[in-house]
Structures are given as structure tokens and as C-alpha cells.
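Single-letter residue listing:
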Protein chains: 2
Amino acid sequence: MKKLFFGLLLLVLVFMAFRAGELSTGKGLLPNQKMLHVGIIVEDINSSLNRWVKLLGLETVPEVHVAEGHHTNPTHYKGKPSDAKAKLVFIKLDNIQIELIEPIGETPSHWKNFLDQNGEGVHHFAFEVEGMGEHYFESFNESGMPILQHGGWNGGEYGYMDSVDSLAVTIELIEDYNRKK
Amino acid sequence: MKKLFFGLLLLVLVFMAFRAGELSTGKGLLPNQKMLHVGIIVEDINSSLNRWVKLLGLETVPEVHVAEGHHTNPTHYKGKPSDAKAKLVFIKLDNIQIELIEPIGETPSHWKNFLDQNGEGVHHFAFEVEGMGEHYFESFNESGMPILQHGGWNGGEYGYMDSVDSLAVTIELIEDYNRKK
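Residues numbered from 1 in each chain as written. Chains lettered and ligands numbered in written order. Predicted model: local features only at pLDDT ≥ 70, side-chain atom pairs only at ≥ 80, totals over all residues. Heavy atoms only, no water.

- Looking at an unreviewed UniProt entry, chain A carries the name VOC family protein, with the source organism given as Seonamhaeicola maritimus.

### Side note on the UniProt feature "domain: VOC" (unreviewed entry) in chain A
So, step 1. Here, UniProt's "domain: VOC" (unreviewed entry) annotation points to residues 34-176 of chain A.
So, step 2. This span, residues 34-176 of chain A, is 25% helix and 41% strand, and a straight line between its end C-alpha atoms measures 15 Å. (UniProt positions renumbered as here; feature names shortened; annotations may be inferred. Helix = DSSP H or I, 4+ residues; strand = E, 2+ residues; numbered from the N terminus.)

### What to know about the confidence of the model for chain A
Residue and element names in this part refer to chain A.
So, step 1. The predicted model of chain A averages 90 in pLDDT, with 85% of residues at 70 or higher.
So, step 2. Considering only residues more than four positions removed or in separate chains, one finds that residues 18-25, a stretch of pLDDT under 50, has five contacts.
So, step 3. Two summary scores accompany this predicted model of the complex, namely pTM at 0.86 and ipTM at 0.85. (pLDDT = per-residue confidence, 0-100. Contact = heavy atoms within 4.5 Å.)

### Considering the interface of chain A and chain B
So, step 1. Across the boundary between the two partners, chain A contributes 37 residues, which contact 37 residues of chain B.
So, step 2. Between chain A and chain B, roughly 3,200 Å² of surface is buried when both sides are summed, and carbon and sulfur atoms account for 62% of that area.
So, step 3. For chain A, the biggest contributors to the area lost against chain B are Q33, L55 and N95 of chain A; these three give 22% of the whole.
So, step 4. Our enumeration of links across chain A and chain B arrives at two salt bridges.
So, step 5. We note a salt bridge from E59 of chain A to K27 of chain B, for which the minimum N-O separation is 2.4 Å.
So, step 6. Applying the counting criterion to the chain A and chain B interface returns 17 residue pairs in polar contact (both at pLDDT 80 or more).
So, step 7. Secondary-structure elements contributing two or more residues to the side of chain A that touches chain B are β1 (35-41), α2 (45-56), β7 (121-128) and α5 (164-167) of chain A. (Buried area = accessible area lost by both parts, 1.4 Å probe. Salt bridge = Lys/Arg side-chain N within 4 Å of Asp/Glu carboxyl O. Polar contact = N/O pair within 3.5 Å; in protein donor to acceptor, adjacent residues only side chain to side chain.)

What follows is the structure, given as C-alpha cells:
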């Protein structure tokens, strides 16, 4: 009977270790090595976009939209609810996208703070994850890169990790609820 | 006879227009929409590299080497010959590379100038071209983005265009002499 008990216990432990392995974030803090986009903070998104369109010779001008948070995942900046808004546009290149971001108004945010401190410039590199809150906020925090701003849209969520001191650029985690696996 | 002359002239003009089209840089200033790498200026390349290796879970640590110019294409900064040097390393992701750059010494360069003015941060986006000097320096200059620094290595050349005011990031043009077409 004792042997059966320890046998079952071993089986459960092996199963748990297997599941933990499945859920782990891989060998690195990030689960993959694909950069989704590079984000640039700009003062005037329409004139910036116009210059990128000319540089790249785009045939179609991508549409600017407003990020204003989403009720399922309200925007938080430095741990507090925030009504920070920004104009966004994604420019598709062959292998990556460029995101232009213009902060709206004076509400403090990671976007506005960057513009005030640095002026226009490259703000973040984005990577896709699954289970952002459960698996990544804590591991990044333990590696000295706590969550700085997070929020969502109808279909996903994002988090900016405080990685500038460590990596010279903000890492953005992105979770797309609609992505097929 | 006159008709023959104008006929031949027309033929020559059509042929020249065709050749010009062949050599043109496409619809945009850049000939393609593929970003080769993003370049980051850092203070200490080995500790930065170590942090990227952990973030990405790289199995092999890429090798740091020194860029010190090449006799076939000596480094020029702001129009004058320069002995600017930097330590470089390329980190290969699935779809793009990250280049880390640590300026060496106090010699003025686009690298050193960036570090002095901004501290660590994202410095450039790189795109590949063919016929850099013949086709690109002038067209970028006409678009308000003159050449700021250029140089080469055994097998290629690069040029940093002064595009920060316009695009919020330096555009690097890269020509790889060994690339198969």
C-alpha cells in the first residue's frame, strides 16, 4: 500500500513538472526571439507618418487610430489607473512593423514621459507572449524590470516593462487573444 | 535623313529612360522595406550583451568584434577622415538582428556623439542598398538627410544618414559586396 502511495505521488510530481515545463517561458525571459515591432514616440504623428511613407515608398498609407484603453483591461501607469491616450499607427515592413505613437494631452504615461525626457525617439521593442500577467510580470520584476504601464484593447493586452536601465530600450509584451496557435 | 535622326534620338532617349528606371531606388527613398537590424548604443557591450542573452535565452553568445574602418573605405565623420572605433556585436533574432555598439575612446563619431548626448539608447535602423554612393547619398541629401558618417569593412560599406530630425532615428544604409543577387 505504501509503495502504491509513493508510486502515485511520484506520478503526480512528474506530471506537475511536465506541466510546469509546458507553461515555462523557455530558456530566456522571453518565450521567443521574434520582434513584432519597434515603437517610436513622435510629436506629430501625421507628419512623421508622411515622412516614413516617402522613405519606404508605401503605396497605401496606414490608418492612424486612438488608443484609449479598454474596460476589460484598463490602462495603469506606475501601478495606478490612468486615462492616458495616444494616437497610434502601424507601418508594415517585410519582416517587422514600425509603430508611431503620439501622446495625447498632458496625462502622465510612459509615452508622455519619454517625449518630455528624450524628445522624439525609439521607445520600445515588442515581443509576443501568452499568459502575460500569470507568467511574465513576476519574472521580469525578479530580473529588475517591473511593469511600468499596461492596458488593453478589444482583443489583447500590452505591458511596458521598465527595462531601459538594463537594455537601453523598453520591452513591450503583447498578448493577442485572437491569435491562432 | 532628318526623320531618321529624330527617330534615332527618340530611341536613345527611350533607352536612357529605361536604364534610369532600372537604376532608380524604387518608389521610396529606400529600395526595399526590409529592416536588417536595429542598432543600440551602449556603455559596456559585454554586460549589455549578457542581459540580452538572458532575455532572449540565446544558446550561443555572439562574438564581439572591433570596427576600426577599412583602407578601401576609410571612416569619415561629418565630411572629415576619422579614426573612430567601436566594439560591435550582432544578436540574431528570428526576423531581424539587434546590433550593440560601444564607442571606443574619445574620438568624435556618430556613436560617441549619441552616447554623450542621449546616454544608452536605440541609435539606428539599417536597410540594405546597392550603389550607395552613386544612388543614395544625393537623394537622401536632397530630402534633408545628408550623410553623417560612412565607412566600410572587408566586404561592404555603411552610411549613417542624418535623419533624426525627420524620422526620430538614424537611417543606416548598408551595402554588402558579397551578397548574391
